[in-house]
Structures are given as structure tokens and as C-alpha cells.
Amino acid sequence: MNPIVQMEQVTKHFGKQEVLKGISLDINEGEIFGLLGPSGAGKTTLVKQLVGLEVPSTGKNKVFSIVMPSLDVISKIGYMAQSDALYGELTARENLQFFASLYGLNGARQKERIQACMEIVQLNDHTDKQVSNYSGGMKRRLSLAIALIHEPKLLILDEPTVGIDPVLRKSIWESFYELKKQGVTIIVTTHVMDEADKCDRLGMIRDGHLIAVGTPHALKESMNSTSLEDAFLSYGGGN
Amino acid sequence: MRVIALVKRILKQIVRDKRTMALLIMAPILVLTMLHLVFNGENYKPKVGFVDLPTALVEQLDDADEATVNLYETTDEAQTALKERDIDGYVSRSGTSLQLTLEGSDPTINGATMKWLQESLKSLNPDSSAAMLEVNYLHGSSKMSQFDSFGPVLLGFFIFFFVFLIAGVSFLRERTTGTLERLLCSPLRKWEIVIGYVIGFGIFTMIQATIIASYAIYVLGMMMEGAFIYVLVITLLLSLTALTLGVLLSAFANNELQMIQFIPLVIVPQIFFSGLFNLETISDYLSWVGPLTPLYYGADALRNVMIRGYGWGEISFDLLMLAGFSLLFMILNILALKKYRSI
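What comes next is a walk through the structure. These figures come from a predicted structure and were not determined experimentally.

1. Observations regarding the sheet that holds strand β2 (residues 17-28) of chain A
Residue and element names in this part refer to chain A. An order of β2-β1-β4-β5 is seen for the 4 strands of this open sheet, with the pairing classed as antiparallel. With one partner strand each, in any of the chains shown, β2 and β5 (66-67) form the two edges of the open sheet. The sheet contact formed by strand β1 (residues 3-14) and β2 spans 8 bridges and is antiparallel. Among the inter-strand pairings, Val5 is bridged to a residue of β2, identified as Ile27. Packed on one face of the sheet, helix α1 (residues 43-51) meets β1, β2 and β4 (58-63) and runs near 120 degrees to β1.

Next comes the structure, spelled out in C-alpha cells:
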């Protein structure tokens, strides 16, 4: 398998505060990779580096074998931030149209993509509603639809299912598997253990250190624990 | 094209936000109407030119501290000085009586000059009344009101103020809601964001300026000697400056309230140098600030067109300065966006 993301000895500090401490990580094509860790562990800083919004203090990030940030690579990544970056005054369709045109998607193709993405997040009945009237969960799903609009080969999702009920969460994960089948690589950050269990591989982050990488099964096995939660705690304790 | 997508989105947002749109258009109209109804008018030391007057008369008139007197050989010289605004008016002989020619664009100055001359003449010769004085105007007329004189400055100021505030706040929101970050995760270039904002708001500002200027001129009857199109060009450039400055300063504000805090720091001082108050009575410690403020040029150009009826020749320098300010602020904006994405 080809690594689609390569992080090489990446550190990041804001002033004196060190947020990422020497992270090296390869993420392979076509896998769903979960970044698991408590709030403030550095997950968001890490993914922001992968989308080009942050630059490492030392080390480098390569995405599609190109050192980030690079505008060519940026257009191949779908990113969903932790906060819903939506224009409340506009309808869902107008939001999607706007972002689609930023990626050069226009006309019939744009229409088709909007329809398809809204179906994935099950919002197709609310396409022409003004976003300020959306509920929290609907906004989250619309953000996801926007991240999908230009059919990115790499999808980076920062806590995508916060505020989404279990039924919908399940269906969203089904769509992740569907995308994976189409060859899309997905990176998700989460602090929810049962969600982490659904990933192909996991990276556990704590205080800016990458404390363990492996399949959920292997991580549990190596710590002799039945749940990821226990495994996470034992890794953290052993550090 | 990506810029067009951005422009379309901004226009849609403005149209959806009815209240903001109303503020941009109605607030200046309301304030101008109130000023029109309210305004009245202070002590000024006139600068007067004397053309070929008897030496005795000049000596007697020149002794007072109340006016600055310049001497000219011919009427043409005085006329040139008047056009350059070196003097507020000049006194010349016309047959047996005296003739006063005023620059005329500021009623306060007209009044002060006339009053000084009439009083000085009276003290020289208590018998003859001031009736022997004949008054002419280079611009304006005796009918020009305070509102006509301040109107162009206020028109420029309100457009500047509201565009600054609304463009600043909408860009601030783009930052605080995370949409700016989202834009920078797309292939949109930094300059495209800035240009998109300039065009999007520029289109709206054109409409705003047309409505407000037409209202002031055709409904309130503000004095209008020059061509309307010049007024539009000036207000457009002035609002571009306001827009780019607003967007730039929004980078230093964390919320809407902090944006409002820039008003007393950045907007209000510009009023002092806009020509609303006489620039020559400002203390030397401060007077150098004027040429650094965009409104200084905008207001000067608007007065030149609306009161003096001038055209390209006289306003091109002001327009150039405004365009320069916009360009400078745009470049700084692009540099400020580096904080969010280094490329």
C-alpha cells in the first residue's frame, strides 16, 4: 500500500507551548484512519497541518508525496473543520453551489454533485432551506456534504459526528465505508471510543505525542484489554 | 471563475440581510436629512487680497489682526490666487465704489470676510454706508447655505463610515465563524478573496452611493455644480478605501464590539481633517495628519465637483490618492491572510 500522508518528525509550538512533539506517521491509501485522543491533545493542530492551514515548526508533512502546503494538493483534499463553517444567510444549496464553484465545479456536474452529497448526509429534503434555520446536527451534516462536494481523494474530518444522533451516525459511517470502497482515504479525529473501533487503523495522541499506532484489534491485544478505552488508558499510563 | 462565485455569494448575503442593507442606505439618508434641517453656523480670520488700492487706504485696513492682507498689482493675479485658494476674496476698485470678489464655497468664510471688510470700512468712514460695496462670487452665491457647504463632506463621510463598518464586520464574521479558514482549505487564492470582497461590495456600494447622492442632490436640494458621474466615481473610490481598510482592521478585532472600537480611533479623527472644520485653524501639531487620511481627499474632491463644478483636471489627484490608499490596503490584506495560510 502507498502512504498517502507522510508526517516526518513533525513538531509544532505556539510560543513556548509545544503542541505536537516529534510525530512521524504514514497513512495508507484507501484506509479509514482514526486519530484518537482527549481534547487538547493536538488532534486539530495535526489535521490542520495536513490541509495546509498550519505549517510545522520543524519536520515536514507530505500529502500525495508533495510537501504541504501546496495549492495543487489542497484541491484534492476534502476538509471538514470542527466548527461548522457555513453561511447562515444562504440556503444549503447556495452554500454548496458556492463551495462547488471554488473547486471549479459548475453547471450540470455541480447539480449532480449537490444532489449526491445531500443524499449521503440525508438532507435532500432540506436543500432549499436557509442554513440559519438548520439544527446543530443538520449543520454538521451539511459541512460534511461540502467536504465531499469535489469528490476528494483524501477526506479529513475533524470530529465529524459530534452532535449527531446514533442512527444518523451509523448511516454516516456507512457512507464512509462506501467512500472507502471507491478508493477514498479518510482521516477522522474523534474522542469517542466506539467510533474509533470502526476505523481500520488508529493513532492515539496524548499531550502532542503519538503514543500508539495500529488496528483497534492489535491495540487492544497488546495491552490485554477488552476495550479501546482501557487500551488508551494503559498506553497513557505507560508513557 | 472563483472570484465570481465569491462575488455572487457576498451579494446574496447582503440582500438576505435586509436590516444591514437598510442601514447602509437609510442611515445616511436619515442623518443627512436631519443635518439639513438642523444646521447652522464661527470665528475665522479671513485672507483678503487688495488689488491696486490707494496706499493710504491699504495702510489703514491692514493694521488689524483680524485679517491677513495680500497685495496684488492686477485683478488677474488676485483671481489666480483666489482659484488656488490662497485668499478668500479680493477687493478691487470698480469706478468709485469698491468691489469684493469671494471664493464662495464656504458660507462661514464668506460671511467672515464680508463682515471684516464692512466693519473696517465703516470705522474709516462712518458716514458712508457699506452699500458702496459690491460683492461677487467665484463659486457659490450668497444663497448658499451651511448645508450646501458641508453636504459633500458629509455625503463622503457617511458612505465611508458605513461601508467601513459593514465590510469590516462581514469579514470579521468570515473569520470568527470559521468560513475564512474553510475558504483557505479550498484552492481559492488569497488575492482572489480580497478581490472578491472588493468587487462584491463595490457593486453594492455603487448602488448605495447612487441612491444616497441622488437623494441628497435631488430631494434635499444639495448644491450640485459639477457632473453627477464624478460624484459617483469619487464615492466609489472612497468606499473602496473604506472597504479595504475595514477588512484590514477586522484582522485586529476578535468580535463585533472590537470592530466598533475602531470608530473613535480611525473614523472620527478623519472628520476633523475632512474640511468640515477649517483646516487652517487646526494646530500645527496636528495638521500633518490630514493628508494621511482618505476622507481628506474624498471630501476635497466632492467639494470641488459639487460646489466648484470642477472636473477631471482638478479631482484627478484626489482620485489617485484614494486609489493608492485602496491598493495599499489591499496588499496589506493579502499579507494579513498569510497568517491563515502561508501560500
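Resuming the write-up.
2. Brief notes about a negative patch on the surface
All names here are of chain B. On the surface, Asp52, Glu73, Asp76 and Glu77 cluster together into a patch of negative charge. With respect to the helices and strands, Asp76 occurs in helix α4 (residues 75-83). Residue Asp76 is classed as exposed on the basis of its relative accessible area of 60%.

3. Regarding the interface of chain A and chain B
Contacts between chain A and chain B engage 29 residues on the former and 25 residues on the latter. Between chain A and chain B, the buried area comes to about 2,500 Å², and carbon and sulfur atoms account for 63% of it. For the chain A face of the interface with chain B, the top three residues by lost area are A:Leu53, A:Leu71 and A:Leu102, together amounting to 25%. Residue A:Glu94 pairs with B:Lys12 through a salt bridge whose shortest N-O separation is 4.0 Å. Breaking the side of chain A that touches chain B down by element, the ones donating at least two residues are α1, α2 (71-74), α3 (92-102) and α5 (136-148) of chain A. For the side of chain A that touches chain B, the leading source of residues is α3(A), giving 6 residues.

4. Digging into the pairing of β1(A)
All names here are of chain A. Counting the residues in the hairpin turn of β1 and β2 gives 2 residues, including Gly15, whose phi is positive at 65 degrees. The pairing of β1 with β4 spans 5 bridges and is classified as antiparallel. Its bridge partner being in β4, Val5 is matched across the sheet by Val63.

The rules behind each value
- Residues numbered from 1 in each chain as written.
- Chains lettered and ligands numbered in written order.
- Predicted model: local features only at pLDDT ≥ 70, side-chain atom pairs only at ≥ 80, totals over all residues.
- Heavy atoms only, no water.
- Pairing = 2+ DSSP bridges.
- Helix = DSSP H or I, 4+ residues; strand = E, 2+ residues; numbered from the N terminus.
- Contact = heavy atoms within 4.5 Å.
- Axes fitted to C-alpha atoms, helices over the stretch in contact; angles between N-to-C directions.
- Patch = residues over 30% accessible without salt bridge, like charges linked within 9 Å, V, L, I, M, F, W, Y side chains within 5 Å.
- Areas by Shrake-Rupley, 256 points an atom, 1.4 Å probe, with all protein chains shown as cover.
- Salt bridge = Lys/Arg side-chain N within 4 Å of Asp/Glu carboxyl O.
- Lys, Arg positive; Asp, Glu negative; His and termini not counted.
- Charge placed at Lys NZ, Arg CZ, Asp CG, Glu CD.
- Buried < 20%, exposed > 50% of the residue type's maximum accessible area, 1.4 Å probe, protein only.
- Buried area = accessible area lost by both parts, 1.4 Å probe.

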